[in-house]
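Chain by chain, the residues run as shown.
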Amino acid sequence: MYFIRHGESTSNERNIFAGVLDVDLTSFGRLQARRAGVDLKKKGTKFDAVYVSHMRRARQTCEIALAESQALKSPDTPVQIDHRISQKSFGIFAGRNLNLLRLALGYEGFEEMLHSHNEAPPSGEKIAQVYERAARFYEDKVVPHLERGETVLVVCHQYVLEPLALYLSGLPPTAYKHLKLPNGKALSGVDLVKFRDRESGGAASLRKEINDLSIMWAILLYAAAFLLGSLVRAVIASTGGIPSELFRAIIVACLAASTFYTYLDIDFAASKRKITSTVKYVVYGWMVARWAVGLSLIFSGLLYQSEADLYKVLWVLFWMVPPALTSPVLSVLWGGNLYPSAVLSRTLSIVAPLALLATLRVANLPINVSSLIFFGVILIVGLAIPGALAQVWRDKSPVESNHHSKNWKFIGVLAVAFMALATGFQFTPATFISDLFSSTDTTRSLACLQQLAIATLVFISMRVLAALTSVFTKGKLIKAEAQDAYILLVNPNFFLWAALFLGVSATANPEAVRYAIFWAALGFFCIPLVEQILFMNSFGNELLRETLRSSRMATEDVRKLFQQLDTDASNALNKDEIMELLGRIEDMTTGERSSEEVRKYVTDYLFATLDSDKNGTVDLAELEEYVSTYGLVANLNVAQT
């Protein structure tokens, strides 16, 4: 017997729970499915029976793998769908961002609710329930084939295969641990058990916890690292800082590591097709507007009359730089759509530096334009090369690269944290504490407070305008796209901007420039922490409301829906009406309907279960009894009663 977890789905790519939502494979997931087929072909295995979950991502994986491997003993062998190996129901967590859930519930709470055998999300399933139905499927379907000496292929989901690995090991559901099972890898029954044994304890378990915690607290880690670097520089009052070449090497190396692990999870070729024109217009439109205002201010002479006014131009240029290359990381952590943040930030980061170069040449500002070479190095060494390497590895080894990313992504997180630490140390004025609290030089103190005031105004105004954009585009952008637009508009590329002023010519106001760079760096690394707290609180409140609503949506709500569909007052529904009832319950719970094909399959199963008197209809009492036992549509894939 062989088991395959479906290839990467759109929900895997965006770091959200799918559960009962019927999502598709990504192009990378299809590549993984083909690789599973290649593995089967190399093994020379021919299958007498194939079983697959009814969910689209599993069926697509199965179809691609079989087409690649030609592993059926007979072309007439049917691919059989079995509801008992469908994905675990995550209830109201379906469609929600994993990181925000961890933050809202706390790491221990998240692990308990998702990975404990006897806990479940609201309206969701327990691991023990999945264990029971998976074990029943194995005994009913797989064992008879094995007893006859036949071979079997099962294609389904991570949260089904992991409990099944326990069952094959002779262990109860109380021994369950989440394993991060690789997508698109053909594992024999023996391989599955060995994988469980290897990944469920020791170094592998510790690595998983470090990986989960580092991603969960990444934004806090970045802010803390920057503040630590600043504190050390201010306390020791070092005037030298890090040597310029060493600092640049640190920034490039850290960005390269972060980029590599970020781009292991992003398919740029496919992402372009997943961006709506509306979000493009919003982001590009705002950037064009910023440039128009910025250029008019720079060339009008209103801001810049002498070198002492250079800091004013500096803040105007802060509005004009493109979004940071780390924008996709924020998108994944905050429940964005990923694709706009990845593609648009990359595109703007290529175009904007050239436009900045032309602007600075024409304006003849006292800025060493050659400092843009540093950002060119960042684009090539920190972005292009590691990004290309990551994409090549994805294409060449889709299973191994994906599994590596899941287990070692914390390296990219720690790289950004180290970059924040170095930045905090490098850009904090050695006299910062005295300038802020016990001034010995009024010029420095005034520059410190003046630039703090300007920085506060700039950061707040950027966020107010981005928030207003979200309000004005409500209904035109989905929530995840609006989140990406917000991230792109409030997350300017600090290192491109700072590169412009690392080579500033002698100026009459060096303290203003120095403090402008410091406060901008502080905002870049620390304000996202405040935003994350706000997002988390909003998300937590929404989750609480949904939990309360879900707990109220029991038999009373189903009774109302039943009566709405029972137009002939017969107190019974036929199969088509039951199918529509399921769709309406999905509208009220997960907020997204399954495909008609999936709902028909679930309806057939549910109808066969509920129509106990076999009269071709389901009456209200039969439906209420089922709902009171198993809950709503999210639990319709539980074992048959």
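Residues numbered from 1 in each chain as written. Predicted model: local features only at pLDDT ≥ 70, side-chain atom pairs only at ≥ 80, totals over all residues. Heavy atoms only, no water.

(A) Fine view of the packing of helix H13 (residues 277–300) against helix H14 (residues 310–320). Look at H13 against H14: their axes get within 8 Å of each other, and the N-to-C directions meet at 160°. Here H13 is positioned roughly antiparallel relative to H14, judged by the angle of their axes. Considering the relative orientation of H13 and H14, their crossing is left-handed. In this structure, H13 contributes Met-287, Arg-290, Trp-291, Gly-294, Leu-295, Leu-297 and Ile-298 to the contact, and H14 contributes Val-313, Val-316, Leu-317, Trp-319 and Met-320. Broken down by class, the residue content of the contact of H13 with H14 amounts to 10 nonpolar, 1 polar and 1 charged. (Axes fitted to C-alpha atoms, helices over the stretch in contact; angles between N-to-C directions. Helix = DSSP H or I, 4+ residues; strand = E, 2+ residues; numbered from the N terminus. Parallel < 35°, antiparallel > 145°, perpendicular 65-115°, else oblique. Left-handed = near helix turned anticlockwise from the far one by under 90°. Contact = heavy atoms within 4.5 Å. Nonpolar A, V, L, I, M, F, W, Y, C, P; charged D, E, K, R; others polar.)

(B) Structural context of the confidence of the model for the protein. For the protein, the mean per-residue pLDDT works out to 85, and 93% of the residues sit at or above 70. Low pLDDT (under 50) marks residues 633–641, which in the prediction has 41 contacts with non-local residues, meaning those over four places away or in another chain. (pLDDT = per-residue confidence, 0-100.)

(C) Representation of unusual backbone geometry within the structure. Unlike most non-glycine residues, Leu-338 shows phi in positive territory, near 70°. Examined against the element boundaries, Leu-338 turns out to sit in the loop between helix H15 (327–333) and helix H16 (339–363). You will see that Ala-569, though not glycine, has its phi angle at about 55°, which is positive. Following the sequence through the fold, Ala-569 ends up in the loop between helix H25 (555–565) and strand S6 (572–573). Using a relative accessible area of 65% as the deciding quantity, one classes Ala-569 as exposed. (Buried < 20%, exposed > 50% of the residue type's maximum accessible area, 1.4 Å probe, protein only.)

(D) Structural detail: a negative patch on the surface. On the surface, Glu-108, Glu-112, Glu-119 and Glu-209 cluster together to form a negatively charged patch. Within the secondary structure layout, Glu-209 lies in helix H9 (residues 202–216). On the basis of relative accessible area, Glu-209 is assigned to the partly exposed category, the value being 33%. (Patch = residues over 30% accessible without salt bridge, like charges linked within 9 Å, V, L, I, M, F, W, Y side chains within 5 Å. Areas by Shrake-Rupley, 256 points an atom, 1.4 Å probe, with all protein chains shown as cover. Salt bridge = Lys/Arg side-chain N within 4 Å of Asp/Glu carboxyl O. Lys, Arg positive; Asp, Glu negative; His and termini not counted. Charge placed at Lys NZ, Arg CZ, Asp CG, Glu CD.)

(E) The arrangement of the side chain of Ser-331 in detail. Relative to the helices and strands, Ser-331 resides in helix H15. In this structure the side chain of Ser-331 is engaged in a polar contact, spanning 2.6 Å, whose partner is the side chain of Asp-484. In contact with Ser-331, not counting residues within four places along its chain, are Gly-336, Asn-337, Leu-338, Ser-341, Asp-484 and Ile-487. (Polar contact = N/O pair within 3.5 Å; in protein donor to acceptor, adjacent residues only side chain to side chain.)

(F) Inspection of the pairing of strand S2 (residues 49–52) at higher detail. Side chains Ala-49 and Tyr-51 of S2 all project onto a buried face; the interleaved residues Val-50 and Val-52 project onto the opposite face, where all are buried too. Direction of pairing for S2 relative to strand S4 (residues 152–156): parallel, over a ladder of 4 bridges. By the bridge assignment, Val-52 is partnered in S4 with Val-155. Bridge count between S2 and strand S3 (residues 79–81): 3 bridges; the pairing is parallel. Bridge pairing in S3 links Tyr-51 to Gln-80. Note that the unit made of S2, helix H3 (residues 56–69) and S3 has a crossover that is right-handed. (Pairing = 2+ DSSP bridges. Right-handed = clockwise from strand over helix to strand, strands pointing away.)

(G) Looking closely at the pairing of strand S1 (residues 2–5). Side-chain alternation along S1 places Tyr-2 and Ile-4 on one buried face and Phe-3 and Arg-5 on a second face that is also buried. With 4 bridges joining them, S1 and S4 adopt parallel strand pairing. The residue bridging Tyr-2 from the neighbouring strand is Leu-153, located in S4. By the bridge criterion, 3 bridges tie S1 to strand S5 (residues 186–188) in an arrangement that is antiparallel.

(H) Structural view of helix H2 (residues 27–43). Taking 1.5 Å of rise per residue, the 17 residues of H2 would be expected to cover 24 Å, and the 25 Å separating its terminal C-alpha atoms lies within 8% of that figure. By the burial criterion, the buried members of H2 are Phe-28, Gly-29, Leu-31, Gln-32, Ala-33, Ala-36, Gly-37, Asp-39 and Leu-40. Where H2 terminates, the next one or two residues include Gly-44, which has phi positive at roughly 70°. (Expected span 1.5 Å × (residues − 1).)

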